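Coordinate inspection notes
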Amino acid sequence: MQALHTAATGMAAQELNVQVISNNIANLRTTGFKKQTAAFQDLIYEHVRRVGAQASEQGTILPVGIDLGGGVKTVGTPRSMTQGTLSQTGNDLDLAIGGEGFFKVLMPDGTFHYTRDGTFQMDNQGRIVTAQGNPVQPTITIPNNASGITVNAQGQVSVTLPGSTNSTVIGQIQLTKFINKAGLQPVGNNEFTDTPSSGPPQDGIANAEGFGTITQGSLEQANVDVVSEMSDLIAAQRAYEMNAKVVSAADQMMQSTTALFR
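What this report covers is the structure whose coordinates are included nearby. Quick caveat: nothing in here was measured; it's all calculated off a predicted structure. (Residues numbered from 1 in each chain as written. Predicted model: local features only at pLDDT ≥ 70, side-chain atom pairs only at ≥ 80, totals over all residues. Heavy atoms only, no water.)

**Quick word on the overall build of the protein**
When its secondary structure is counted, the protein shows two helices and 19 strands. Expected size for 262 residues packed as a compact globule is a radius of gyration near 18 Å; at 27 Å, the protein overshoots this value by more than 25%. In terms of principal-axis extent, the alpha carbons of the protein reach across some 100 × 40 × 35 Å. Every one of the 262 residues in the protein was classed for burial, and the buried ones make up 35%. (Helix = DSSP H or I, 4+ residues; strand = E, 2+ residues; numbered from the N terminus. Rg over C-alpha atoms; globule rule 2.2 N^0.38 Å. Buried < 20%, exposed > 50% of the residue type's maximum accessible area, 1.4 Å probe, protein only.)

**Overview of the pattern of salt bridges**
Summed over all chains, the structure comprises six salt bridges. Between Arg 238 and Glu 241 there is a salt bridge, with the nearest N and O atoms lying 3.7 Å from each other. Placement of both Arg 238 and Glu 241 in helix α2 (residues 226-260) is noted, with a separation of three residues, approximately one turn of the helix. Look at Glu 241 and you get partly exposed, because its relative accessible area is 34%. (Salt bridge = Lys/Arg side-chain N within 4 Å of Asp/Glu carboxyl O.)

**Some details on the nonpolar core**
Phe 103, Ile 128, Ile 173 and Ile 214 are the most contacted members of the largest nonpolar core, which totals 18 residues. Put simply, the parts of the chain that give this core at least two residues each are β6 (95-98), β11 (147-151) and β12 (156-160). Ignoring any residue separated from it by four or fewer positions in sequence, one finds Ile 214 in contact with Leu 95, Ala 96, Phe 103, Val 151, Asn 152, Ala 153, Gly 155, Ile 173, Leu 175 and Ala 206. With six residues, the next largest nonpolar core counts Met 81, Phe 102, Phe 178 and Phe 192 among its residues. (Core = buried A, V, L, I, M, F, W, Y, C linked by side-chain atoms within 4.5 Å. Contact = heavy atoms within 4.5 Å.)

**Quick word on the sheet that holds strand β7 (residues 102-106)**
An order of β15-β16-β8-β7-β14-β17 is seen for the six strands of this open sheet, with the pairing classed as antiparallel. Single-partner strands in this sheet number two, and they are β15 (185-188) and β17 (202-205). The average angle at which neighbouring strand axes cross in this sheet is 45°, direction not considered. (Pairing = 2+ DSSP bridges. Axes fitted to C-alpha atoms, helices over the stretch in contact; angles between N-to-C directions.)

**A look at the packing of aromatic side chains**
This structure, assessed with the given rule, holds four aromatic pairs. An angle of 70° between the planes, with centres 6.1 Å apart, marks the rings of Phe 102 and Phe 192 as edge-to-face. Here the residue Phe 102 occupies a position in strand β7, and Phe 192 occupies one in strand β16 (residues 191-193), the gap between them amounting to 90 residues. Relative accessible area serves as the criterion here: at 5%, Phe 192 is assigned to the buried category. Between Tyr 114 and Phe 178, the ring centres sit 5.0 Å apart and the planes meet at 85°, which makes this aromatic pair edge-to-face. With a gap of 64 residues between them, Tyr 114 in strand β8 (residues 112-115) and Phe 178 in the loop between β14 (174-177) and β15 connect regions that are remote in the sequence. Neither Tyr 114 nor Phe 178 differs from the other in exposure class; each is buried. Ring-pair connections join several aromatic residues into one group, and the members of that group are Phe 102, Tyr 114, Phe 178 and Phe 192. It is Lys 104 that lies over the ring of Phe 112; its NZ or CZ is 4.2 Å from the centre. Taking NZ or CZ as reference, Lys 177 lies 4.9 Å from the ring centre of Phe 211, over its face. (Phe/Tyr/Trp six-rings, centres within 6.5 Å; stacked < 30°, edge-to-face > 60°. Lys NZ or Arg CZ within 6 Å of the ring centre and 35° of its normal.)

**Some thoughts on the layout of surface pockets**
Here the largest pocket is characterised by a volume of approximately 160 Å³. Taken together, 13 residues make up the lining of the largest pocket; nearest its centre are Phe 33, Arg 79, Pro 186, Asn 190 and Phe 192. Of all elements in the fold, only β15 and β16 reach the threshold of two or more residues within the lining of the largest pocket. Per element, the largest residue contribution to the lining of the largest pocket is three residues, and it comes from β15. (1 Å grid on protein atoms, 1.4 Å probe; cavity = no way out; pocket = protein on both sides within 12 Å on 5 of 7 lines; lining within 4 Å. Points joined across faces, edges and corners; volume = space filled by probe spheres on them.)

Below, the structure is given as structure tokens:
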């Protein structure tokens, strides 16, 4: 019975939907996290009677047809790149992006990753690095005798050196943007890599045209709305239960039909 297969595709789709929702909720407090949604499409149809076909020798046309759907399939889990709320931390090396752009990070193999997570630290060389110890680009080294680290909205890093009362600019943090942010590939650790779908990376200066601003002493929170996620979770659970009932009903009908022909 086709209904068994059709309902089974619905159960599989809602199982994936719950997986996506659970990941969003699990990352509710993950800095810079961008939520995902599950996107579905209906499967190919069996056209028992095609709409618009000739219905009689007199040339009458069928106004409606008989189309039996084959179920549902998952076509993607697109990521929403909307802005998350900025939360103040007071830490000098906590940086948040307001608007377009990603921080660019140099990986040990020479490739680049991109992140909205501005939870930065200093390593044993004085470089500004991520939580995994990878340097933010361009590499900025803070002198060990420096004090009063400040980062302005353009990403300029300034410190106060001994014997001076004025701040000295020691580097410039750049931002990177993409034509299609949703086309970035997540690789864990709050980081992404570019893909043919995202388009090539475009480096620039914060607060310039097309780029967001940098806020020191703040972090961008996840853009997950817990109320919306819980509502979606309940809807997915109900849809799964209804598909399970269809499977049960189709099975009972098959058993009854089999019993009639014994």
